[in-house]
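# Inside the fold
Here are the chains, one letter per residue:
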Amino acid sequence: MISGILTQEQHLHALRLHRRKTIKVLVSILLGCAVIGILALAVGHHFSGLVLVCGGVGGAIGALAQSRLALPRQVARIHRQQASLHAHYTYTWDEEWLNVASEHVQAKRRWSDYTKLRESDELFLLYHSDVMFEVFPKAWFNGQAQMDDFRRLAPQSAG
């Protein structure tokens, strides 16, 4: 059994983990455009080179600024709006089922209903689909053995 209340900071970290791969790809593409722009400038294509450099660098800065400036504000607003984020959640599991209970929800789901597990140093994300996930802060777990058991069961269903 694990239990706790999801903090605003944990929620923010979960969204950053969820977006991490997409942001890395986006920033890589934008910086690639900037490099192509530098090459275009070097061979005399001044206008297109300048557009690619400015667009690539500006887009990369914008993507990173969104993650560091806009996303925390968005998470704070969501936390103020959504009462269920302030609830105390309790999770239990066995070989086949993951159970969740709070004042807002009681659910029993098969591990096989989940599609994937992502992990960072601070938390796990257990996905229902590509965009819907549950957050499991590692601080809620009672040690490494319990986290290993959770890991063992989640990817089993996630394939």
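You'll find the structure just up there.
The sections below set out a description of the structure shown in this document. Owing to the predicted nature of the structure, the values given are computational and were not obtained by experimental measurement. (Residues numbered from 1 in each chain as written. Predicted model: local features only at pLDDT ≥ 70, side-chain atom pairs only at ≥ 80, totals over all residues. Heavy atoms only, no water.)

With that settled, the discussion passes to the sheet that holds strand S3 (residues 97–101). Taken in spatial order, the four strands line up as S1-S2-S3-S4 in an open sheet, and their pairing is antiparallel. A single partner strand is all that each edge strand has here, and the edge strands are strand S1 (2–5) and strand S4 (106–110). Mean inter-strand twist for the sheet, computed between neighbouring axes without regard to direction, equals 15°. Taken together, the four bridges between strand S2 (residues 88–93) and S3 define a ladder with antiparallel strand orientation. Looking across to S3, one finds that Thr90 is bridged to Ala101. (Pairing = 2+ DSSP bridges. Helix = DSSP H or I, 4+ residues; strand = E, 2+ residues; numbered from the N terminus. Axes fitted to C-alpha atoms, helices over the stretch in contact; angles between N-to-C directions.)

Further remarks concern the sheet that holds strand S6 (residues 123–127). With respect to topology, three strands assemble into an open sheet ordered S5-S6-S7, the strand pairing being antiparallel. The open sheet has two edge strands, strand S5 (116–119) and strand S7 (133–137), and neither has a second partner. Here the average twist between neighbouring strands, direction ignored, is 20°. Direction of pairing for S5 relative to S6: antiparallel, over a ladder of four bridges. Bridged to Leu117 within S6 is Leu126.

Our focus in this paragraph is the pairing of S2. Here S2 shows one buried face, formed by Tyr89, Tyr91 and Trp93, and one open face, formed by His88, Thr90 and Thr92. Following S2, the chain reverses through three residues before pairing antiparallel with S3. (Buried < 20%, exposed > 50% of the residue type's maximum accessible area, 1.4 Å probe, protein only.)

With that settled, consider the pattern of salt bridges. All chains considered together, the criterion is met by seven salt bridges. Note that Lys138 is salt-bridged to Glu119, the shortest N-O span being 2.6 Å. On the criterion of sequence distance, the pair formed by Lys138 in the loop between S7 and helix H3 (144–158) and Glu119 in strand S5 is long-range, its members being 19 residues apart. Glu119 gets classed as partly exposed once you look at its relative accessible area, which sits at 34%. Notably, a salt bridge pairs Glu119 with Arg151, separated by 2.7 Å at the nearest N-O pair. Residue Glu119 is found in strand S5, and its partner Arg151 is found in helix H3; the two are separated by 32 residues along the sequence. Overall, Arg151 belongs to the partly exposed group, its relative accessible area being 21%. The structure contains a network of salt bridges with shared partners spanning Glu119, Lys138, Asp148 and Arg151. (Salt bridge = Lys/Arg side-chain N within 4 Å of Asp/Glu carboxyl O.)

Everything listed is a geometric property; what it means functionally is a separate question.
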